Amino acid sequence: MRLYFLRHGRADWPEWTKSDDERPLTERGKKEMRQVAKFLVRLKVKPDLIVTSPLPRASQTAQIAAVQLKTKLREDETLKPGFGMSELRTVLKRHHLKILMLVGHEPDFTDVISALTGACLKLSKGGVGLIDVDPEAEKGKLLWLFPPKFARKRKS
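This structure is a prediction, so every number in the text was calculated from the model and none was measured.

## Looking at the packing of aromatic side chains
Then, in step 1: Per the counting criterion, the structure on display carries six aromatic pairs.
Then, in step 2: Geometrically, the ring pair formed by Tyr4 and Trp144 is tilted, given 5.8 Å between the ring centres and 55° between the ring planes. With a gap of 140 residues between them, Tyr4 in strand E1 (residues 2-7) and Trp144 in strand E6 (residues 139-146) connect regions that are remote in the sequence.
Then, in step 3: Note on Phe146 and Phe150: the rings are 5.2 Å apart at their centroids and 45° apart in plane angle, and the pair reads as tilted.
Then, in step 4: Site record: aromatic cluster; members linked through ring pairs are Tyr4, Phe39, Trp144, Phe146 and Phe150.

Written out as structure tokens, the structure is:
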């Protein structure tokens, strides 16, 4: 199975006084995620389903990706901060599909990708990685990992 891990976009609000769980994407974060989603279209990414954390910054990121990729979207509490290998097992049992895109948070995604692949990495805000996973063995191979700057179109 193929798993895309998409970290939510920028949600840095220095003056934010509400709960961290309520932080939405910034305007820059929305713009960057539109670029990332268009980049994924150019790469011919076509997940069967996008599953997202319900937190606003992740949900907004997933909505942007779902529109561009013309893919169904579902929220799943399991992808809230604290997501780990046991939560991944739960998500995979709920969604028996060949290609899933998960939208969530750090350091959770880096930890899960590292546990699956043995890779030493960090998934940046708005970054996306593709893992070829054997769900039974809970092992995978990192196929690629892109920070959002790869999504920016080069000026000719």
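Next comes the rest of the write-up.
## Considerations on unusual backbone geometry
Then, in step 1: The peptide bond linking Glu106 to Pro107 adopts the cis configuration, its omega dihedral lying at 5°.
Then, in step 2: Residue placement: Pro107 occurs in the loop between strand E4 (99-104) and helix H4 (108-117).
Then, in step 3: One non-glycine residue with positive phi stands out, namely Lys70, at about 55°.
Then, in step 4: Mapped onto the elements of the fold, Lys70 is located in the loop between helix H2 (56-69) and strand E3 (73-75).
Then, in step 5: Overall, Lys70 belongs to the exposed group, its relative accessible area being 70%.

Reading the values: rules and limits
Residues numbered from 1 in each chain as written. Predicted model: local features only at pLDDT ≥ 70, side-chain atom pairs only at ≥ 80, totals over all residues. Heavy atoms only, no water. Phe/Tyr/Trp six-rings, centres within 6.5 Å; stacked < 30°, edge-to-face > 60°. Helix = DSSP H or I, 4+ residues; strand = E, 2+ residues; numbered from the N terminus. Buried < 20%, exposed > 50% of the residue type's maximum accessible area, 1.4 Å probe, protein only.

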